[in-house]
Amino acid sequence: MTAGEQARAQVEAAETEFGRELRARLQPFQDRHDQAVRDGNAARLTGTCPGKHGCWGRTCVLPDGHETSMEEPHWGRTSEGLPIAWVGSAPDDW
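Now for a quick tour of the structure. Keep in mind the model is a prediction, meaning the values are calculated, not measured.

### Some thoughts on the overall build of the protein chain
Logical step 1: Of regular secondary structure, the protein chain possesses three helices and four strands.
Logical step 2: Listed by position from the N terminus, the elements making up the protein chain come as α-α-β-β-α-β-β.
Logical step 3: Of all 94 residues assigned to the protein chain, the portion counted as buried reaches 34%.
Logical step 4: The long-range share in the protein chain, meaning contacts at least 24 apart out of those at least 6 apart in sequence, stands at 49%.
Logical step 5: About 5,800 Å² of surface is accessible on the protein chain, with carbon and sulfur atoms providing 55% of the total.

This is the structure:
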């Protein structure tokens, strides 16, 4: 494993652990997001944070502006369904 691969694995492990720690408090946001997707509730979905890391299968489910108003990191689930939290943005944020 290269140094870069090792660093990425460590970051992913830390973000997954951070996501698990925040799950009890932030899971209602995921539940509301999932319900909005099922219902096709565009108004609720457009009020969601635009932060996402698409190449890693992450979409933040917190309200837009949470970084300043709630002082929370981005939070959601990985493509494998694991809770995850991350700080900042990535080149593939949309």
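### Some words on the pattern of salt bridges
Logical step 1: Under the definition given, this model contains four salt bridges.
Logical step 2: Residues Arg58 and Glu15 are paired through a salt bridge, measuring 2.6 Å at the closest nitrogen-oxygen approach. With Arg58 in strand β2 (residues 58-59) and Glu15 in helix α1 (residues 3-39), this pair connects stretches of sequence that are 43 residues apart.
Logical step 3: Classification of Arg58 by relative accessible area gives buried; the value is 5%.

### A closer look at the pairing of strand β3 (residues 74-77)
Logical step 1: With four bridges connecting them, β3 and strand β4 (residues 83-86) associate as antiparallel partners. Paired with Gly76 across the bridge in β4 is Ile84.

### Some thoughts on the packing of aromatic side chains
Logical step 1: Applying the stated rule across the entire model yields zero aromatic pairs.
Logical step 2: The positively charged end of Arg32 is found above the aromatic ring belonging to Phe29, 4.7 Å away from the centroid.
Logical step 3: Over the ring of Trp86 we find Arg58; its NZ or CZ atom is 5.3 Å from the centre of that ring.

### Some points on α1
Logical step 1: Taking 1.5 Å of rise per residue, the 37 residues of α1 would be expected to cover 54 Å, yet its terminal C-alpha atoms sit only 44 Å apart, more than 12% below that figure.
Logical step 2: Taking the largest bend as the criterion, α1 deviates by roughly 80°, centred on Ala24, and proline Pro28 comes between one and four positions later.
Logical step 3: For α1, the full list of buried residues reads Glu15, Thr16, Gly19, Leu22, Leu26, Gln27, Phe29, Gln30, His33, Asp34 and Ala36.
Logical step 4: Among the residues trailing α1, Gly40 stands out with phi positive, at a value near 65°.

### A look at the state of the cysteines
Logical step 1: As enumerated under the stated definition, the model contains zero disulfides in all.
Logical step 2: Considering cysteine sulfurs only, Cys60 is the nearest to Cys49, which forms no disulfide, with 3.9 Å between them.
Logical step 3: Looking at Cys49, the relative accessible area reads 6%, which means it is buried.
Logical step 4: Accessibility expressed as a relative area gives 0% for Cys60, which makes it buried.

What counts, and at which threshold
- Residues numbered from 1 in each chain as written.
- Predicted model: local features only at pLDDT ≥ 70, side-chain atom pairs only at ≥ 80, totals over all residues.
- Heavy atoms only, no water.
- Helix = DSSP H or I, 4+ residues; strand = E, 2+ residues; numbered from the N terminus.
- Buried < 20%, exposed > 50% of the residue type's maximum accessible area, 1.4 Å probe, protein only.
- Contact = heavy atoms within 4.5 Å.
- Areas by Shrake-Rupley, 256 points an atom, 1.4 Å probe, with all protein chains shown as cover.
- Salt bridge = Lys/Arg side-chain N within 4 Å of Asp/Glu carboxyl O.
- Pairing = 2+ DSSP bridges.
- Phe/Tyr/Trp six-rings, centres within 6.5 Å; stacked < 30°, edge-to-face > 60°.
- Lys NZ or Arg CZ within 6 Å of the ring centre and 35° of its normal.
- Expected span 1.5 Å × (residues − 1).
- Bend = angle between axes of the 7 residues up to and from the residue.
- Disulfide = S-S within 2.5 Å.

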